[in-house]
Structures are given as structure tokens and as C-alpha cells.
Amino acid sequence: MITLYQYMPAWTVPCISPYVTKVAYYMKMAGLPFEARPQDLTRLDRDTPAGKLPCIVDSDGTSVNDSTHIIEYLQGKYGEVLDEGATATERAQMHAFNRMIDEHTYWVAVIQPRWRESEGWEKYVRIIAGTEDVPPALRAFADDFRFRILNEFMTGGWGRMPADVIYRRARADVDAMSDFLGSKPFFMGDTPRWVDAPVLSILRHIVDSPFTYDTKAYATSKKNLLAYMDRMQERFGI
């Protein structure tokens, strides 16, 4: 049995992290049994090499971090059950979209509204706490973690951009996903591929989230993306 270490679940997603959600979705799509366990956040830096989740521990004790590395590991050990027959061009496209989502869309469509903007953060910290009355110790821990995330946001250059620029970039990513999907049933065509996991994850974290912001409204206007999300729910229960 594979163990997936995660933060807490919320709204329609198994975890508040799009990266953990991505791995959970992949394993469900690939039919890999796993058990989700909450990570002790006070031990995050000691338990994980990068101080981040997701992390999996396989049945043989092998530990793997980073959502993309985890999927690559699972494909190598258990087979590319979702990608049989994929062409080199399709693999390149999947690589590019996954990298866009991981290294760009996440920052401009998730970090900006939840972590950078004070109104979003106040709502988010209550989701994390599971209560409107956030205990002082948890508030201090969460605010410290927020500082850590925003430091990465600034280091990556996003923190120097005004909100309108950030959201314009997020809309461009939504356009890219919508335009590439077109009228196809799944992101790459008639057959689900591994890239459907990161695509669906980021869409669930945008469209289904309880935050009110530019990218959510824009993504909700894309009828083909909403229909795609419904198909993934019907096919895989995710």
C-alpha cells in the first residue's frame, strides 16, 4: 500500500495543496491503492527533503517527494497505465502543460488570491484551522508559514508584479488549457493521460475554491473546462 502524506482536505479536493491533489488524482486514475495520512507540519522540514508536500512512502519503504517526481516514480515501478501508445509529440505537450501548471499557474492563480491578498488569506487560514476562531498558536504558525510562501513568491518575481498583471497571466494559462482541450473528451484526446491529473487539480483549485477572484470567474466562463471537470468526476470520481 502506498502512503500519501498531505495537508488537510477542503471544498471538493482531497487536499488544500494542488500538488498533493495532483498525485491523489493520478493514483485514482491509474488504479493504484493508497492511504492518505496527514503530515505533522511541525516536522515538515525534518520529514521531507524540500520541506514541502506531497511525499509518498511506497510499500517497500521507498520515499519520494515532488508531485512530478512521484508520478514518474509510479510510472516506472507500476507501468505507464495511462500513457500506453502516447507519441513523442504528445509526451512533449504533456510535459509542457504540467510544467506550466506547476511553475506558473500555481503561483498566479493559487498563491496570489490565497496567500498574497489579505482578504483571501483571512478566509484561507480559517479553512486551514477548521474554525472561525483561529487559536493563537495556530495563527502564529500559519502566519509564519505564509511568510515563507510569500518569500518564495517574491524570490520568483511574482511578488513584484501588481495584481492585475498576475491575473492577466493567469487568464492566459486558462485560455491555453481551454483552447488546447477544445472539444476533446480528455485533455489529450479520447483517452485519459497522466496530464489530466495536474490539469484537473488546478481547475478544481480554481473553479471549486471558496475564494472570489478574477481567475475563478474567468475559468468558470469556459464551458468546455466545466464539462471536462464533470466528465472526470463521472469517469474517476474526482
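Predicted model only: the values in this text are computed from it and were never measured. (Residues numbered from 1 in each chain as written. Predicted model: local features only at pLDDT ≥ 70, side-chain atom pairs only at ≥ 80, totals over all residues. Heavy atoms only, no water.)

A separate point is the packing of aromatic side chains. Pairs of aromatic rings are described using the distance from one ring centre to the other and the angle between the two planes. Scanning all chains against the criterion turns up 14 aromatic pairs. Consider the rings of Phe97 and Phe180, whose centres lie 4.9 Å apart with planes at 50 degrees: the pair is tilted. With Phe97 in helix 4 (residues 88-116) and Phe180 in helix 7 (residues 163-181), this residue pair connects regions lying 83 residues apart in the sequence. Exposure remark for Phe97: the relative accessible area of 12% places this residue in the buried category. For the pair Tyr124 and Phe211, a centre-to-centre distance of 5.8 Å together with 70 degrees between the ring planes defines the contact as edge-to-face. With Tyr124 in helix 5 (residues 118-129) and Phe211 in the loop between helix 8 (196-207) and helix 9 (214-220), this residue pair connects regions lying 87 residues apart in the sequence. (Phe/Tyr/Trp six-rings, centres within 6.5 Å; stacked < 30°, edge-to-face > 60°. Helix = DSSP H or I, 4+ residues; strand = E, 2+ residues; numbered from the N terminus. Buried < 20%, exposed > 50% of the residue type's maximum accessible area, 1.4 Å probe, protein only.)

When strand 1 (residues 2-6) meets strand 2 (residues 34-38), the two strands line up parallel, connected through five bridges. Within the sheet, the bridge partner assigned to Thr3 lies in strand 2 and is Glu35. With helix 1 (residues 18-30) bridging strand 1 and its parallel neighbour strand 2, the resulting β-α-β unit is right-handed. (Pairing = 2+ DSSP bridges. Right-handed = clockwise from strand over helix to strand, strands pointing away.)

A separate point is helix 5. Two residues of an α-helix separated by three or four positions point the same way, owing to the 3.6 residues in each turn. Across its twelve residues, helix 5 extends 16 Å between first and last C-alpha, which sits within 8% of the 16 Å expected from 1.5 Å per residue. For helix 5, the complete set of buried residues consists of Gly120, Trp121, Tyr124, Val125 and Ile128. With its buried residues spanning 130 degrees around the axis, helix 5 presents them on a single face. Among the structural elements, helix 4 and helix 6 (136-155) are those in contact with the buried residues of helix 5. Among the residues trailing helix 5, Gly130 stands out with phi positive, at a value near 75 degrees. (Expected span 1.5 Å × (residues − 1). Arc of directions from axis to C-beta. Contact = heavy atoms within 4.5 Å.)

Among the secondary structure elements, Phe141 is positioned in helix 6. Using a relative accessible area of 31% as the deciding quantity, one classes Phe141 as partly exposed. Linking Phe141 and Glu72, residues 69 residues apart in sequence, is a C-alpha distance of 33 Å.

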